[in-house]
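Overview (structure and organization)
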Amino acid sequence: MTLLSTYFLPTEREPPADAEAISHKLMVRAGLVRQVGSGLWSWLPAGWRVHQRIVEIVREEMNAIGGQEMLMPVLHPAEPWRRSGRYSIEELFKLKDRRGADMVLAMTHEEIVTGHVATAIQSYRDLPLILYHFQVKERDEARPRAGVLRTREFVMKDSYSFDRDRAGLDASYERHRAAYDRMFDRCGLEWYRVEADVGMMGGVGAHEYMAPCAAGENDVVLAAGYAANIEVASADPQPVALPAGLPAPESVHTPGMRTVEAVTRELGVPAGALLKAFPIIVEGGEMKLVMVRGDHRVNEIKLGNALGEGFRAALPDDVAERLGPPGFIGPVGAQMPILLDQGVAPGAYITGANQSDSHLRGVEPGRDFEYEAVDVRSVLEGDTVAGATVRIEAAIEVGNIFKLGTRYSEALDASYLDESGVSHPIWMGSYGFGPARVAAAAVEQYADEKGISWPRTIAPFDVELVTLGKPGTEERALSDRLNEELQAAGLEMLYDERDIGPGEKFAEAELLGCPLRVTVGRRTLGAGEIEVQVRRGREGRSVPIDGASEAIAELWRGLP
RNA sequence: CGGGGAGUGGCGCAGUCUGGUAGCGCACCCGGCUGGGGGCCGGGCGGUCGCAGGUUCAAAUCCUGUCUCCCCGACCA
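These remarks concern the structure in this document.

Remarks on the protein's contact with RNA strand B
In the vicinity of RNA strand B lie 40 residues, with Arg13, Arg150, Lys470, Arg523 and Glu531 positioned nearest. Considering RNA strand B, the proportion of its atoms within 4 Å of the protein that are sugar or phosphate atoms stands at 49%. Take alanine 17: an N or O atom from its main chain is 3.2 Å from a phosphate oxygen of RNA strand B. Elements with a minimum of two residues in the surface near RNA strand B: strand E2 (33–37), helix H12 (502–512), strand E30 (516–520) and helix H13 (522–527). At seven residues, the largest contribution of residues to the surface near RNA strand B is made by H12. Its residues assigned to classes, the surface near RNA strand B shows 13 nonpolar, seven polar and 20 charged.

In structure tokens form, the structure reads like this:
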């Protein structure tokens, strides 16, 4: 039981001047977190209670799938990071110790855990294995933002699975998937599990857990039976009415019309009747021309995955020299490979002519230029997947599960001997969960004009008891007794027994957002009933004084 | 990394253009009233105006440098 009069809960009437995100404003106002520097936050007692309740849910679910909790350091020697090839990551904090040795601050723990497994595990008999810990992660983010949603230092639960083969990894991954589904359900979040990019580090499959909210930095593409990060999403475009074909491409004078918008306006055609050219330079230095429909956009992550190598956008000088005047480039006659997005239906299009102030109309892919079909465009709202219309929602990534494969085990020599004495690399998976983001996402998803409305399972306290009686009064005696009884009934109590006005108490209680607020005052005695407010929806209830604590506990158990 | 903005008491702000020795609301402390939605009255405490240098009789204000923070974008293994 916690007495509010002595609790360190510094609330504010006004949000920080520079805060934008709801969770940023409310978590600071409610006294849950305080900023130390850019992307660096302290968790104050009430905020840390939320964090710890989330951690405990995660711990229970990890243990339930056989995870073994451990702890690895944040400060590492640089050497394993050099071996894995991640030392060059810009976001990795690098420093030297007093002897001048290179050190890093861990952004995750693949290198270290794999190193332990490499030395400790020799036999197939020791597999499978799931190890995990809750530990601080350090990332030199280019731009921390939105309170605790994107920080440079944060606690993460990261787990690592070790299996003898692909099938074993699939099984460990599936266990995590089920555990993660339960974790987010238990935390009371709205969430999606979406297909995700495996990133530059390879890997053989990944999903992200996304909590939809306004402050989300990611876009997720959703349709019946389909959910993917927009970085990898694939869908069928809405059809576009194309003009009739021509026997051959025909030049059109288009003075100064360097943009799709200018061409569509001047020629009176829909943007989808154009093909837009996106020239790139791949790692070997070769220029390639990526073409998408005029109303579509190239998705650089999908393009990178399709290419299987790095690339950069071609500079205007490159384009002018090797193709044509920027703003008027097109595929016809281009002396370079052409990648045509698969969203381009057969038909006649308008493209740049590779000459100043002119376009071509009646250009037909295949007839007028050779191409390789690729899927590189960003999905748009209204596209369809298997006939179902997609919508796009902003969301915050709260967890991810990732099939690493053997990338780290090979780099760090983590192998085992099978039954016939043959050595194989261990198949690994890694699985992240961010409690701070879960807390912030819950704030984002359920806040109203009065403040936070926590899901029951992760609230800092189960019940905030507001007494309006001064010490020595009958109503105060009643509230003191009720507080004891509710505590005894198993509820975590925050007892507001401060000598301040009722309005302030109610306002602060709703700001902090415990699922139930119980009020005891003079009126309570007269009515013979105790007033209970359900924070979600701010709905008022009342329960008889007799048996009140059990009735309130029962009410609490039925909350979301 | 590119663009934009901001540093004045615990919080939110005014004052800066046009230089003259710092102010408002809230919070806090004391006293009183009030007591079911951030209540009222009276009296107080608290700030080397981010930092450093310069100009000037005089700098929160002008100049130079520097640090920090926020927002948009890029990036995000």
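Continuing now.
Focus: the nonpolar core
In this structure, Leu32, Ile54 and Trp454 are the most contacted members of the largest nonpolar core, which totals 55 residues. Considering every element that reaches this core, the biggest residue donor is helix H2 (residues 45–64), with seven residues. With residues up to four places along the chain from it excluded, the contact list for isoleucine 54 reads Cys187, Phe433, Pro435, Val438, Ala439 and Ile458.

A look at the packing of helix H1 (residues 22–29) against helix H10 (residues 435–446)
The interhelical angle for the contact between H1 and H10, taken along N-to-C directions, is 100°, at an axis separation of 8 Å. On the basis of their axis angle, the class for H1 and H10 is roughly perpendicular. Contacts between H1 and H10 involve Ile22, Ser23, Leu26 and Met27 from the former and Ala439, Ala440, Val443 and Glu444 from the latter. Within the contact of H1 with H10, the residues separate by chemical class into six nonpolar, one polar and one charged.

Some thoughts on H2
End to end, H2 covers 28 Å across 20 residues, agreeing with the expected 28 Å (1.5 Å per residue, within 8%). Buried within H2 are the following residues: Ala46, Gly47, Val50, His51, Ile54, Val55, Ile57, Val58, Glu61 and Met62. Of the residues trailing H2, glycine 66 is marked for its positive phi of about 90°.

What to know about the sheet that holds strand E28 (residues 463–467)
Sheet strands associate in pairs through backbone hydrogen bonding, adopting either a parallel or an antiparallel arrangement. Spatial ordering of the open sheet is given by E1-E29-E28-E30-E31-E32, a layout of six strands whose pairing is mixed. Either end of the sheet is taken by a strand with one partner, and the two such strands are strand E1 (2–3) and strand E32 (539–544). The pairing of strand E31 (residues 529–534) with E32 spans six bridges and is classified as antiparallel. The residue of E32 that forms the bridge with valine 532 is arginine 541.

Structural notes on the pattern of salt bridges
Considering all chains together, one arrives at 45 salt bridges under this definition. As a salt-bridge pair, glutamate 510 and arginine 517 come within 2.7 Å of each other at their nearest N and O atoms. A single network of salt bridges, built from pairs that share partners, joins Glu60, Glu61, Arg182 and Arg186.

Notes on the sheet that holds strand E19 (residues 349–355)
Taken together, three strands build an open sheet; the order of strands is E14-E20-E19 and the sheet is antiparallel. With partners counted over all chains shown, the strands left at the sheet margins are strand E14 (250–253) and E19, one partner each. Taken pair by pair, the neighbouring strands of this sheet meet at an average axis angle of 40°, ignoring direction. Relative to strand E20 (residues 358–363), E14 runs antiparallel, the two being bridged by four bridges. Each bridged residue has a counterpart across the sheet, and for histidine 253 the counterpart in E20 is serine 358.

Reading the values: the criteria
- Residues numbered from 1 in each chain as written.
- Chains lettered and ligands numbered in written order.
- Predicted model: local features only at pLDDT ≥ 70, side-chain atom pairs only at ≥ 80, totals over all residues.
- Heavy atoms only, no water.
- Near = heavy atom within 4 Å.
- Polar contact = N/O pair within 3.5 Å; in protein donor to acceptor, adjacent residues only side chain to side chain.
- Helix = DSSP H or I, 4+ residues; strand = E, 2+ residues; numbered from the N terminus.
- Nonpolar A, V, L, I, M, F, W, Y, C, P; charged D, E, K, R; others polar.
- Core = buried A, V, L, I, M, F, W, Y, C linked by side-chain atoms within 4.5 Å.
- Buried < 20%, exposed > 50% of the residue type's maximum accessible area, 1.4 Å probe, protein only.
- Contact = heavy atoms within 4.5 Å.
- Axes fitted to C-alpha atoms, helices over the stretch in contact; angles between N-to-C directions.
- Parallel < 35°, antiparallel > 145°, perpendicular 65-115°, else oblique.
- Expected span 1.5 Å × (residues − 1).
- Pairing = 2+ DSSP bridges.
- Salt bridge = Lys/Arg side-chain N within 4 Å of Asp/Glu carboxyl O.

Shape descriptors only; they carry no functional weight alone.
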